[in-house]
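Each chain is listed here by its residues.
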Protein chains: 2
Amino acid sequence: MGAFWQNGYVATSVSDVVRETGLNTASMYKEFGDKDGLFREALGYYRGHVIGPRYQILRDNPNLAGVETFLKNVLTGAAKTEYKGCLMMNHLAQKHAISPEAAEQVEAFCAEIESLVETALRNAQSDGDIAPDKDAKELASFIVFCVHGAVLYGRHDSKKDEISVFYDMIIGALKH
Amino acid sequence: MGAFWQNGYVATSVSDVVRETGLNTASMYKEFGDKDGLFREALGYYRGHVIGPRYQILRDNPNLAGVETFLKNVLTGAAKTEYKGCLMMNHLAQKHAISPEAAEQVEAFCAEIESLVETALRNAQSDGDIAPDKDAKELASFIVFCVHGAVLYGRHDSKKDEISVFYDMIIGALKH
DNA sequence: CCAATTTTAAAGTAGTTATTTTAAAACAGT
DNA sequence: ACTGTTTTAAAATAACTACTTTAAAATTGG
């Protein structure tokens, strides 16, 4: 998975994955079918074990506190992962280079995030924690938009190992 | 340039470029040396003729009005370009797959943007247009961070062809 | 018009790619 | 211990990669 994460789908050869995992080439093809199946497996694992858990906070706390904690985690953690960026979002920038099925897998996850955030923000509005006159869906889009920025920004700017300075600005934008 | 833009460096073969440009293979190698030279040429052209001009507004108007216009252009125009995303920023997500020289070319441009925005914001503070207690450099980072978000977000979300709804939130964050 | 230079098309090279095949090795159940 | 199955290593394949060479065609300058 590391190779896909760091170098992208096209720049990662099946041999790279074989070397990295220690799997046997033939049994790998029997298990996953082809390179694309292998990549989709990596996406699934990443979603289930690496990035998915980060969003659990939004499920456990579907309110402003959950959004704040989540955002703080994303903004401070973006540059601290083993590899830079996000296996999924890195591939948003090379959508045409991966299979439609894999692309759909990535986008479905983005949609799920957006929906999680939207629910939390809707509750935050009921709680009177954020501006009630704004569209929760639009605010959720804005949060995901910022997550995208964090991913790409955190990946490229090696001088900054945390971008939490933006936290107040984003939270502030939700409130008025 | 289109192939590099749409598919990324690795997923673009020299044959693709030859087909796209109509250039002769041999004369292309004589002119640009190798694939990397070709890519750097594309980066240079993109910077000079495609994306560079978009930042001219910041040079002509190094103040809040310039930043506002620039942001508006970026946020409304991100999803309207011929190809999605930005030739340069798309490659920030695959930094390891391009040459160090090309990566440096991309990062130098990012640094230049950041510096342009910083100058404009510093002037905006002198003009009393934005919060004077904030660090102009940090605010400039935030703007570039948002531009990254716009690039990646605009590339992946096909349902939204403009993300200008975020404009008010970003500008608002500068002011208080 | 002719010689010199540049451009072009096309074939060729050497390496890598994803994927398959072959056949030996390991393992399983009885 | 033997049989059937799975796993493994290694070689083979066919397509593609970046890149080079060859030699013909076009273009230039005097």
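The model shown is predicted, which means the values in this text are computed figures rather than measured ones. (Residues numbered from 1 in each chain as written. Chains lettered and ligands numbered in written order. Predicted model: local features only at pLDDT ≥ 70, side-chain atom pairs only at ≥ 80, totals over all residues. Heavy atoms only, no water.)

Caption draft 1: How the structure looks around the UniProt feature "DNA-binding region" (unreviewed entry) in chain A. Residues given the UniProt feature "DNA-binding region" (unreviewed entry) here are residues 13–32 of chain A. Each end of residues 13–32 of chain A is marked by a C-alpha atom, and these two atoms are 15 Å apart; helix forms 80% of the span and strand 0%. (UniProt positions renumbered as here; feature names shortened; annotations may be inferred. Helix = DSSP H or I, 4+ residues; strand = E, 2+ residues; numbered from the N terminus.)

Caption draft 2: The pattern of salt bridges, seen in detail. All names here are of chain A. Scanning the model with the defined rule gives 14 salt bridges over all chains in all. Of the charged contacts in the structure, one is a salt bridge between Glu-107 and Lys-95, with a shortest N-O distance of 3.2 Å. Placement of the pair is Glu-107 in helix 8 (residues 100–126) and Lys-95 in the loop between helix 7 (87–90) and helix 8, with a sequence separation of 12 residues. Taking the shortest distance from any N to any O, the salt bridge between Glu-118 and Lys-137 comes out at 3.6 Å. In this pair, Glu-118 sits in helix 8 while Lys-137 sits in helix 9 (residues 136–156), placing the two residues 19 residues apart along the sequence. Note on Glu-118: relative accessible area 15%, which makes it buried. It is possible to trace a salt-bridge network through shared partners that takes in Arg-47, Arg-59 and Glu-112. (Salt bridge = Lys/Arg side-chain N within 4 Å of Asp/Glu carboxyl O. Buried < 20%, exposed > 50% of the residue type's maximum accessible area, 1.4 Å probe, protein only.)

Caption draft 3: Spotlight on the protein's contact with DNA strand C. Neighbouring DNA strand C are the residues Thr-12, Ser-13, Val-14, Thr-25, Ala-26, Tyr-29, Asp-34 and Lys-35 of chain A together with Asn-24 and Ser-27 of chain B. Taking all atoms of DNA strand C within 4 Å of the protein, the share assigned to sugar and phosphate is 67%. At a separation of 2.9 Å, a phosphate oxygen of DNA strand C approaches a polar backbone atom of Val-14 of chain A. For the surface near DNA strand C, a count of residues per class yields 3 nonpolar, 5 polar and 2 charged. (Near = heavy atom within 4 Å. Polar contact = N/O pair within 3.5 Å; in protein donor to acceptor, adjacent residues only side chain to side chain. Nonpolar A, V, L, I, M, F, W, Y, C, P; charged D, E, K, R; others polar.)

Caption draft 4: Layout of the protein's contact with DNA strand D. Taken together, Asn-24 and Ser-27 of chain A together with Thr-12, Ser-13, Val-14, Ala-26, Tyr-29, Asp-34 and Lys-35 of chain B form the complete shell of residues around DNA strand D. The sugar-phosphate backbone supplies 70% of the atoms of DNA strand D found within 4 Å of the protein. In the model, a phosphate oxygen of DNA strand D is placed 3.0 Å from a nitrogen or oxygen of the Val-14 of chain B main chain. Between DNA strand D and the protein, one listed contact pairs a phosphate oxygen with a backbone N or O atom of Lys-35 of chain B at 2.8 Å. Classifying every residue of the surface near DNA strand D by side-chain character gives 3 nonpolar, 4 polar and 2 charged.

Caption draft 5: Fine view of the interface of chain B and chain A. In this complex, chain B contributes 38 residues to the contact, which on the side of chain A involves 38 residues. Counting the surface lost from both chain B and chain A, the interface buries some 3,600 Å², and carbon and sulfur atoms represent 69% of this. For the pair chain B and chain A, the number of links is 0 salt bridges. Elements supplying a minimum of two residues to the side of chain B that touches chain A: helix 1 (2–7), helix 7 (87–90), helix 8 (100–126), helix 9 (136–156) and helix 10 (167–175) of chain B. With 14 residues, helix 9 of chain B is the single largest residue contributor to the side of chain B that touches chain A. By residue class, the composition of the side of chain B that touches chain A is 22 nonpolar, 10 polar and 6 charged. (Contact = heavy atoms within 4.5 Å. Buried area = accessible area lost by both parts, 1.4 Å probe.)

Caption draft 6: Region of interest: the relation of the copies chain B and chain A. Each copy of the sequence occupies a distinct position, and chain B is placed on chain A by a rotation of 180 degrees and an axial shift of 0.0 Å, giving an RMSD of 0.1 Å. Taken together, the rotation and translation describe the operation of a two-fold axis. Among all C-alpha atoms of chain B, that of Gly-149 of chain B lies closest to the rotation axis, at 1.8 Å. Both copies contact each other with a shared surface, as 100% of the interface residues of chain B are interface residues in chain A too. (Least-squares fit on C-alpha atoms with pLDDT ≥ 70 in both.)

Caption draft 7: Looking closely at the UniProt feature "domain: HTH tetR-type" (unreviewed entry) in chain A. Residues annotated in UniProt with the feature "domain: HTH tetR-type" (unreviewed entry) correspond here to residues 1–50 of chain A. As a span, residues 1–50 of chain A carries 76% helix and 0% strand, and end to end its C-alpha atoms are 11 Å apart.

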